[in-house]
Amino acid sequence: MASRLPQLAVVGVAGDGSVSSWAIPPLSQAQTLAGSPSLLQHFADHPARKIPLTGSVESWIPLLQEELARGSLVLLASGDPLFFGIGRLLTQYFPAEQLAFYPQVSSVQLALNRLQIPWQ
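Let me begin by describing the structure that accompanies this report. (Residues numbered from 1 in each chain as written. Predicted model: local features only at pLDDT ≥ 70, side-chain atom pairs only at ≥ 80, totals over all residues. Heavy atoms only, no water.)

### Focus on the nonpolar core
Of all hydrophobic cores here, the largest spans 17 residues; its most connected members are L8, L64, L75, L90 and F94. Every element with two or more residues in this core is listed here: β1 (8-13), α3 (57-70), β4 (73-78) and α4 (86-93). The element best represented in this core is α3, accounting for 4 residues. In contact with L75, not counting residues within four places along its chain, are L8, A9, V10, V11, A34, G35, L53, L64, I86 and L90. Of all hydrophobic cores here, the second largest spans 14 residues; its members include A9, V11, A30 and L40. (Core = buried A, V, L, I, M, F, W, Y, C linked by side-chain atoms within 4.5 Å. Buried < 20%, exposed > 50% of the residue type's maximum accessible area, 1.4 Å probe, protein only. Helix = DSSP H or I, 4+ residues; strand = E, 2+ residues; numbered from the N terminus. Contact = heavy atoms within 4.5 Å.)

### Thoughts on the sheet that holds β1
If you walk across this open sheet you meet the 5 strands as β3-β2-β4-β1-β5, and the pairing is parallel. Two strands in the sheet have a free side with no partner beyond their single neighbour: β3 (49-52) and β5 (99-102). Sheet twist, expressed as the average angle between the axes of neighbouring strands with direction ignored, equals 25°. With 4 bridges joining them, strand β2 (residues 32-35) and β3 adopt parallel strand pairing. Each bridged residue has a counterpart across the sheet, and for L33 the counterpart in β3 is K50. (Pairing = 2+ DSSP bridges. Axes fitted to C-alpha atoms, helices over the stretch in contact; angles between N-to-C directions.)

### Concerning the side chain of E67
With respect to the secondary-structure elements, E67 resides in helix α3. Judged by its relative accessible area of 7%, E67 falls in the buried class. Not counting residues up to four positions away in its chain, the partners in contact with E67 are T32, R49, I51 and L73.

### Things to note about the environment of G12
By secondary structure assignment, the location of G12 is in strand β1. In this structure G12 comes out as buried when scored by relative accessible area, which is 0%. Between the C-alpha atoms of G12 and V74, which are 62 residues apart in sequence, the distance is 10 Å. The residues contacting G12, other than those within four sequence positions of it, are S18, V19, A77, G79, P81, Y102, P103 and Q104.

### As for the pairing of β1
Within β1, 6 of the 6 residues are buried, which leaves the element mostly enclosed by the surrounding structure. Burial along β1 is two-sided: the residues L8, V10 and G12 and A9, V11 and V13 are all buried. As defined by bridge partners, β1 adjoins β4 across 6 bridges and the pair is classed as parallel. What sits directly across from V11, in β4, is L76.

See the structure below:
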């Protein structure tokens, strides 16, 4: 039986710190949260170990790989990580079976909604 790879759960966070309901399970089980300091501040009371990520996004990859080798990890991202976000970059460095995306409303969706403009 093949061992299961540790999971990198990429959770989209809205500007107010909210997440979609489907992101609650990976967040509630997280032992380590990684993300920008501004995103991590929304989870200050979360008991997980926090890893603030600064500098270029590409510079985060070795640290994320190292942390993931230790076990599952939750990466906080803005909005929808697969809509012009960090998701594309992650798919270049991690196998698909190791990634799980939990998007939140993207900034484009939110802006168009507030302007009452259909985005099709």
